[in-house]
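Overview (structure and organization)
What follows is the residue order along each chain.
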Amino acid sequence: MIINHPLLGPRDASEFTYLGDASLINRPDWQAEDAAEAFYEYGYLRDNPAGEHQELWYHEAGDRSWLVVTRDTTTHEISKVELARDVARARGRSK
Amino acid sequence: MTQSNRLSGGQIDRNTTVNFQFDNHNYTAHPGDTLGSALLANDVRLIGRSFKYHRPRGLLTAGSEEPNGIVELRSGNRQEPNTRATTTEMFDGLEAQSQNRWPSLKFDALGVNDLFSNFLSAGFYYKTFMWPAAFWEKVYEPIIRRAAGLGSLSMEADPDEYDKGFRHCDLLIIGAGPSGLMAALTAGRAGADVILADEDFRFGGRLNSETFSVGDQSSSDWAEQAVAELSSMPNVRLMARTTVIGAFDHGIYGAVERTGDHVATLPAGKPRQILWRIYTKKALLCAGSTERPIAFENNDRPGIMMASALRTYANRFAATASQRVAIFTNNDDGHRTAADLHAKGVHVCAVIDVREDAPVNYDYEVLSGAQVVNTKGRLGLTFVEVALPDGSTRTLECGALGVSGGWNPNVHLTCHQRGRPVWNDDLAAFVPGPNLPVGLTVAGAANGVMSTQGALQSGAEAAAAALELSVAQPVLPEAEDAPIAQKPFWYVEGCKRAWLDQQNDVTVKDVKLSYQEGFRSVEHLKRYTTLGMATDQGKTSNISALAIMAEVAGKSIPETGTTIFRPPYTPVPISTFAGRMKGQEFHPTRLTPSHYWAKERDAVFVEVGNWLRAQWFPLPGETHWRESVDREVRQTRASVGVCDCTTLGKIDVQGADAADFLNRVYANGFAKLPVGKTRYGLMLREDGMVMDDGTAARLAEDHFVVTTTTANAVNVYRHMEFVRQCLFPDMDVQLISTTESWAQYAVAGPNSRKLLQKIVDPEFDISNHAFPFMGCGNITVCGGLRARLFRISFSGELAFEIAVPSRHGDALMRRLMAEGEEFDVVPYGTEALGVMRIEKGHAAGNELNGTTTALNLGLGKMVSKKKDSIGSTLSEREALVEPDVLRLVGIKPVSPEEKVTAGGHLMNTTGPVDAAHDQGYVTSAAYSPILNSNIGLGLLKDGANRMGEKMRLVSPLTDLTVEVEIVSAHFVDPEGERLRA
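Residues numbered from 1 in each chain as written. Chains lettered and ligands numbered in written order. Predicted model: local features only at pLDDT ≥ 70, side-chain atom pairs only at ≥ 80, totals over all residues.

**A closer look at the overall build of chain B**
- Secondary structure summary: chain B contains 20 helices and 49 strands in total.
- C-alpha extents for chain B along the principal axes are approximately 115 × 70 × 55 Å.
- Burial statistics for chain B: of 981 residues in total, 53% are counted as buried. (Helix = DSSP H or I, 4+ residues; strand = E, 2+ residues; numbered from the N terminus. Buried ≥ 20, exposed ≤ 12 C-beta atoms within 10 Å, placed from the backbone.)

**Quick word on the interface of chain B and chain A**
- Facing the 18 residues of chain B at the interface are 24 residues of chain A.
- The residue inventory of the side of chain B that touches chain A, partitioned by class, reads seven nonpolar, three polar and eight charged. (Contact = placed C-beta atoms within 7 Å. Nonpolar A, V, L, I, M, F, W, Y, C, P; charged D, E, K, R; others polar.)

**Some points on the packing of helix α9 (residues 508-516) of chain B against helix α10 (residues 522-529) of chain B**
All names here are of chain B.
- Where α9 contacts α10, the two axes come as close as 10 Å, and the packing angle between them is 120°. One finds that α9 runs oblique with respect to α10. Seen along the crossing, α9 lies across α10 with a hand that is right-handed. Listed contacts from α10 to D510, V511 and S514 of α9 are L525, Y528 and T529. (Axes fitted to C-alpha atoms, helices over the stretch in contact; angles between N-to-C directions. Parallel < 35°, antiparallel > 145°, perpendicular 65-115°, else oblique. Left-handed = near helix turned anticlockwise from the far one by under 90°.)

**Quick notes on the environment of B:G784**
- As for its placement among the helices and strands, B:G784 is situated in the loop between β40 (776-781) and β41 (785-790).
- Expressed as a C-alpha distance, the spacing of B:G784 and B:D761, which sit 23 residues apart in the sequence, is 7.1 Å.

**Quick notes on the sheet that holds strand β45 (residues 905-908) of chain B**
Residues and elements named next belong to chain B.
- What the six strands build is a closed barrel, ordered β44-β47-β46-β45-β48-β49; its pairing is antiparallel. Strand-to-strand twist of the sheet, defined as the mean angle between neighbouring strand axes without regard to direction, takes the value 45°.
- Along the sheet, helix α20 (residues 830-840) makes contact with β46 (920-928) and β47 (933-941), crossing β46 at roughly 120°. (Pairing = 2+ DSSP bridges.)

**Describing helix α17 (residues 713-727) of chain B**
Residue and element names in this part refer to chain B.
- When the terminal C-alpha atoms of α17 are compared, their 20 Å separation across 15 residues agrees well with the 21 Å that a helix rising 1.5 Å per residue should span.
- Of all the 15 residues making up α17, 11 are buried; the element is thus mostly covered by neighbouring parts of the structure.
- Among all positions of α17, only A713, V716, Y717, H719, M720, E721, V723, R724, Q725, C726 and L727 are buried. (Expected span 1.5 Å × (residues − 1).)

**Description of the nonpolar core**
Residues and elements named next belong to chain B.
- The biggest cluster of nonpolar side chains holds 160 residues, and the ones touching the most others in it are L171, I174, A183, L284, A295 and V325.
- Sorting elements by how many residues they give to this core places strand β15 (residues 273-285) first, with seven residues.
- Discounting residues that sit within four places of it in the chain, I174 has contacts with A197, V244, A283, L284, L285, C286, A287 and L413. (Core = buried A, V, L, I, M, F, W, Y, C linked by C-beta atoms within 7 Å.)

**Things to note about the confidence of the model for chain B**
- Looking at chain B as a whole, the pLDDT averages 94, with 96% of positions reaching at least 70.
- Predicted as a complex, the structure gets a pTM of 0.92 and an ipTM equal to 0.99. (pLDDT = per-residue confidence, 0-100.)

**Description of helix α8 (residues 452-466) of chain B**
All names here are of chain B.
- Across its 15 residues, α8 extends 21 Å between first and last C-alpha, which sits within 8% of the 21 Å expected from 1.5 Å per residue.
- Burial analysis of α8 places 12 of its 15 residues in the buried class, the great majority of the element.
- Among the residues of α8, T452, G454, A455, L456, Q457, S458, G459, A460, E461, A462, A463 and A466 are the ones counted as buried.
- For α8, the elements touching its buried residues are β8 (162-174), α4 (178-189), β10 (213-214), β15 and β28 (440-442).
- Looking one or two places after α8, you find E468, whose phi comes out positive at around 55°.

**Points about the sheet that holds strand β4 (residues 52-58) of chain A**
- Taken together, the four strands give an open sheet; going across it, the order is β3-β4-β5-β6 (chain A), and neighbouring strands pair in antiparallel fashion. Edge positions in the open sheet fall to β3 (17-21) and β6 (78-83) of chain A, since each of these has one partner strand only. Here the average twist between neighbouring strands, direction ignored, is 30°.
- Pairing between β3(A) and β4(A): four bridges, direction antiparallel. Within the sheet, the bridge partner assigned to A:G20 lies in β4(A) and is A:L56.
- Contacts from α17(B) reach β3, β4 and β5 (66-72) of chain A within the one sheet, and its direction differs from that of β5(A) by about 85°.

**A closer look at unusual backbone geometry**
Residue and element names in this part refer to chain B.
- P567 connects to P568 through a cis peptide bond whose omega is 0°.
- Looking at the element boundaries, P568 is found in the loop between α12 (557-560) and α13 (574-578).
- With a phi angle near 70°, T530 is a residue other than glycine that sits in the positive phi range.

Encoded structure:
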């Protein structure tokens, strides 16, 4: 597989480490009333789509960027690659 | 011996004669031969014995699809089993042995299996070796293992080197037959970066096997001229002897180049094979097609071959299997073989064509509407029995029979990403389907274009289309453009022992039987009968078997479907996949800066991840590792010891939000840690389990140095980057791994300060008052050398860790040893380190095993509830905080000499010993030379409240039961007075 790194261009997948569903960016608020339930869902419940999937890849043998890769799980077609930091900010994460 | 079956012509170098051996007989051949063609030229038809029935077998084909002609090549540690004689390039001194026969090829004792064939039909392993169950391991399996299997292994390490490489191109063309060569010419002339790969050592594909012309040249001359033109183009790379084995995601292809298989002795330093990863913008499959057989009674005798193979051997290799041949065909292509053999002076007894309207020929007899119903010849074909349309039979005396059942496009690579081929009625074959790997197109016979003219044209057009070239109609040479004329015909009615898959001894009867027994899916058929398995993967047999299965099921062939094609296209040695990653080179070995110093001291090393760490330092006279380790512990605790801890992960954390950031990744607080102080940090996973521990030293308001355990250095760094980039993207914090930048040494023991004072520059006060426990700072040593000093202790003694830039690590270690002589300083290794941390009750890797919480380790109070940190919420899950959860305890045997076994389980003194009564387990164990007792650490239910309790330590695996006492985990200096001294 080849991942088109937004900063470095196309890189072989062997340079990357896979983590999983990009929903891991959506870490719940620890002070919310339902924090325990929310963290349980965050930690353990994942969708398993046959088709488009947003997932986290880490350029471990490269520039150490975390990326959000949108990949079709049935064809491995990669339709989008973004810096995870940009995605996190777009999802409202800050400090 | 003379080459009695050598014909005229061919693309062999008759000016050179080479010698080779088969089953210890000497023969001669010429460069350009394969082992297969050379054996035929020397009138050797019998090459091996079959897998199950041990029937005599010869060559079936002239290519990589060969099921029968597999041999062991070379000898000694270079012996290579299951190598196809049909693709083995001849060289002087080649040695080959036949396989799967005992005591000899001509008399094989297990040939008796053939007489019991009724009992060895489809699924016979499953049916026969069913009971008693106890017989499986001791009786059945050893018998099957000995009788089955093909070649044998040398049982020695392969001495040759294998390599891996990477290549890039605009267009990869797979196969250098007419379509591939024409595609390469088109793309190369247009200036594209082209790789043309072919498994053969000679480019040209079928062009080398045919007698017709291309333009005004013979087809092989045209191929040679095309190759010459391509060789002159700097943008074209020709890869001969290179099999493209798989089509992978995003235009990546795997290829195996046999760089050294065709020479007697590899040049020094050269690899035998190279596994290439080829990155392509576009790829074009020009893999051609494979002729398929027709099944009839006893169709597996040596001498019965594919008709196209006979033609290849005659035209390209100037060899024939016999001077008397017959052809059995359902199509016009079979007649082409007869004509070519006749032209070479081989006697064609007859062409047996199943069609009533077979083409007529006046040079030899054509039997229209006829079928081969049986053959004779124990070790090689002697007679063919033919049923004529009028019901009579005729016997032909011949030594070779060419069989042609039509051609199957080589669609394999088009299916490597789950694409399915589609049925083409005109060809009676599968052709590539619509779902090809992205970027791949198909041309020539692989795409069902069977004429030479069609192949040239489709190659040119496909290359132009792939590269989006706007060239006018390509100029093509004139070539043969015959239409396909055939009548689908799979097997002769009424045959019983008619082989489909000769490599796995699967017959027409087996396929029918398997269907009757309920194996209706082709995938089940394959597993039950083993059809299409092993080294040839059914390249000659799959389609015929499908056709028969479809017939039995009353379905069409496309409804029956195919099995899935998977890489590799042809077998690849494990050595090739391993490349250079074997033995010591399996993974990188990381050495610390003082490694060679430790080697001089005869250190025994242990692998920790990729690192080599000194485990202990034996002195002359010490015969047991315990003597060395006990001494290192005693001397450190009595005076001073030095341990290399460079391998600990080191992460530099800088930025205005550095303290906030550490507050998130560590369960305990860091916001209030003053500059010049170090704090133990406990890192949790988000699920509440302990991930790692280490220390964080605050060197400035916005600068921390964090350590991790050796084993988790990579994971912790990755995790911290995840937290920084994905969870808190606006924090002003930067991370960098500095593990390799600093050499770090623990200096531990009551005299550690005195030793360090000898090397720390005098302007830095490291007295207890000025540099207290958990202090840290930038200092200089040895007259101005930059260093970092941390007053932290893993051993429980007064201790420091000192770090210097890596290049000074070796010198610092030597200086510490020299300056420490007056204190009787001792270097200690990881064993002594482990003993001392167990004595002190520090958790380490054995305790941080991924299933323990802070509470389990007695560190529950460290998890701050006043801030957001990774894992704090889920660490409070109900089951993790129940009153009787496992707690870290110390374990001491009642008799000090009794062994404590890590992994042993703790049971109450009375009651059953079983999982239901399990109370906990031992995580770490050591002999303490300070307490003169074996000791251990363990996790025990409600352990904190069970101090002083007697328990049984059991290890059912090693039949061990020891009476132990539960004690505090802090065996030495529980109050921590030494630390602060």
